[in-house]
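Chain and residue survey
The primary structure of each chain is shown beneath.
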Amino acid sequence: MADSAGGGESGGVAGAGQDAETDSEPPQQVPPLHEGNSLELRDILEEGAPTSAKRSRMSEEEQGLKLVEKPLETQRETSAQEAFLQEDSAPTEQITGEPPPPCEEEGGEGGKGPVIGGGEEEECHQNGGGENSAPLEGEAKAEEEQIGNGSADSPSEAQHLGLDFTQTPQMLTGAWTEYSSLPENYLKGCKWAPDGSCILTNSADNVLRVYNIPPEIYSYNWDLLPEMSPVLRMSEGDTIYDYCWYPKMNSLDPDTCFLASSSRDNPVHVWDAFYGEVRASFRPYNHLDELTAAHSLCFSPDGTQLYCGFDKTVRVFYTDRPGRDCEERPTVVKKQGQSGIISCFGFSPCQSVYACGSYSRCAGLYSCRDGELLALLPTRHHGGLTHLLFSPDGNYLYTGGRKDPEILCWDLRETDKVVFSLKRNVATNQRIYFDLDQSGRYLVSGDTEGVVSVWDTLTAPPDGNEELLQPQLKIQPHWDCTNGISIHPFMPLLATSSGQRQFPSPGDSGGDSASDAEEGEAVLKEQESRQDNNLTLWWAGPLGPAAEDSQEHTQA
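Residues numbered from 1 in each chain as written. Predicted model: local features only at pLDDT ≥ 70, side-chain atom pairs only at ≥ 80, totals over all residues. Heavy atoms only, no water.

So, the side chain of R441
Of note, R441 is situated in the loop between strand 24 (434-436) and strand 25 (442-445). For R441, a relative accessible area of 12% gives the class buried. (Helix = DSSP H or I, 4+ residues; strand = E, 2+ residues; numbered from the N terminus. Buried < 20%, exposed > 50% of the residue type's maximum accessible area, 1.4 Å probe, protein only.)

Thoughts on the sheet that holds strand 31 (residues 535-539)
Strand order in the open sheet formed by four strands is 1-31-30-29, with antiparallel pairing between adjacent strands. If you trace the sheet from one side to the other, it starts and ends with strand 1 (170-175) and strand 29 (482-487), each paired once. When strand polarity is set aside, the average angle formed by the axes of neighbouring strands in this sheet is 25°. Across five bridges, strand 1 lies against strand 31 in antiparallel orientation. Pairing of G174 across the sheet is with T536, part of strand 31. (Pairing = 2+ DSSP bridges. Axes fitted to C-alpha atoms, helices over the stretch in contact; angles between N-to-C directions.)

Some thoughts on the side chain of S262
Its place among the elements puts S262 in strand 7 (residues 258-263). Residue S262 is classed as buried on the basis of its relative accessible area, which comes to 0%. In this structure the side chain of S262 is engaged in a polar contact, spanning 2.5 Å, whose partner is the backbone oxygen of A294. Here S262 is in contact with T239, I240, Y241, D242, V268, A293, A294 and L297, once residues within four sequence places are set aside. (Polar contact = N/O pair within 3.5 Å; in protein donor to acceptor, adjacent residues only side chain to side chain. Contact = heavy atoms within 4.5 Å.)

A closer look at the pattern of salt bridges
Pairs may arise between side chains of opposite charge once their charged atoms sit close together. Overall, the coordinates contain 14 salt bridges when judged by the stated rule. D242 is the partner of K191 in a salt bridge, and the nearest nitrogen-oxygen pair spans 3.7 Å. Highlighted residues: K191 in strand 2 (residues 187-192) and D242 in strand 6 (residues 240-245), separated in sequence by 51 residues. (Salt bridge = Lys/Arg side-chain N within 4 Å of Asp/Glu carboxyl O.)

Quick look at the sheet that holds strand 19 (residues 373-376)
Overall, antiparallel pairing links the four strands, which are arranged 16-17-18-19 in an open sheet. The sheet is open, and its two borders are formed by strand 16 (342-347) and strand 19, each paired with just one other strand. The average undirected angle you get between the axes of adjacent strands in this sheet is 25°. Sheet topology note: the strand 18 (residues 363-367)/strand 19 ladder contains three bridges and is antiparallel. The residue of strand 19 that forms the bridge with Y366 is L373.

Comments concerning the pairing of strand 29
Burial within strand 29 is extensive, with six of its six residues counted as buried. Pairing between strand 29 and strand 30 (residues 493-498): five bridges, direction antiparallel. Paired with I487 across the bridge in strand 30 is L494. Once strand 29 ends, the chain turns through five residues before running back antiparallel as strand 30.

Printed below as a string of structure tokens:
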């Protein structure tokens, strides 16, 4: 374990540009793009063949860190995941109600343990590599035909077959004891691994945890599902700003099993997902030669580069070259461009384009080749952007912000056009994630009140007139804020994380010490009763004949 990993490398303090930016600061708008730039962006988006991002300039003999992917075996052994993908029957029992009682951890507590499992290798972009789809009603029929004719041999097709949001997802299991040892140890998000074998969480105690999928899920043995226990705990030295998986991660190849994280006053760490140790560090420095922390992280789709967001700057590191050498790409040139701290990234799955969101309430589109600004989206959000996602076909961009009541869908072929908006309740500065399934049809998001909403983007108006898109399904899996949500790459599984900082209710400060002590205990108990800090897995697939028959017998 590396509780103080990177402590020796954090010999500087963050620059002045690292202070939180106010929501009221408007972005410095660029003048209208020249006709050549506008045509360039349109040509890029309309090209069918994607171009790869900039490759490393180093040869294999000069590589300081072995992070290149290896070819997988062509002969696949029968695994629990494959058995699940070939299984036609559905669960025989619904898991509803309260979580199962906690059980003893299997294996060591926080000890070293490999990430087990792992399915077939598939191209994993930022939002997955599913079939192209646009949020237009006219394509719903083709999408349904594809779902109906799909085969379970492909993970993405199996995921299309399994997702079913016409009914309330069923709770399977989760982790809650892990976050009850410390007060207010709320979660800050969860992310499935690209190969679907495990899930990564971030929490207020500055620890990244890796959970394996319980093997009982693959065989539908859901009646005795135990509470999940982390197989790895990776401790950062201070508040974790962002974290992300290596996009080519596959647990059958240990060299590809790693993730990156950034924390305050620390370099960017690359963690080994098998042993929980720091594999490498990337050290960004500001203009005063002081170590500065990245506010956002994202690997390029091919995994050769790591993009880091700073105040008015993006720094690009090469994953095979740890250290301080990087490429700087300012987002403001001659007082024009995208101002503010770069708070989130997203890569187009089809074009050599990436998007940056900033706390100045706007998003910009850039070329992967040299970081040239292609377009700056209008300022429509009420708060700083905290998350964004591309649609699988690369034509649409979804953006969401803090203290902002909606998610906006942008048509990147007309960058000044919002196709539709999605209403959600985000009343704090906390980062509230949302996610798209690999077909691009379903968008799922939580909110500050704990409600999870599911929107079917295929029901958007075909004429493109901007209007509020109503959710297909709304559930309340947590009574506290649902800040993290992640859809499994190929199984009909949904992961949610919950919690937020709780503030005591204002009370009278007067009175004797005994009464003050009693009031303090009452406040603590009230805070504990409001807390809901846990990770939960949900079954979002259809109910099979066996489960439906049991329901009919119960109703009869």
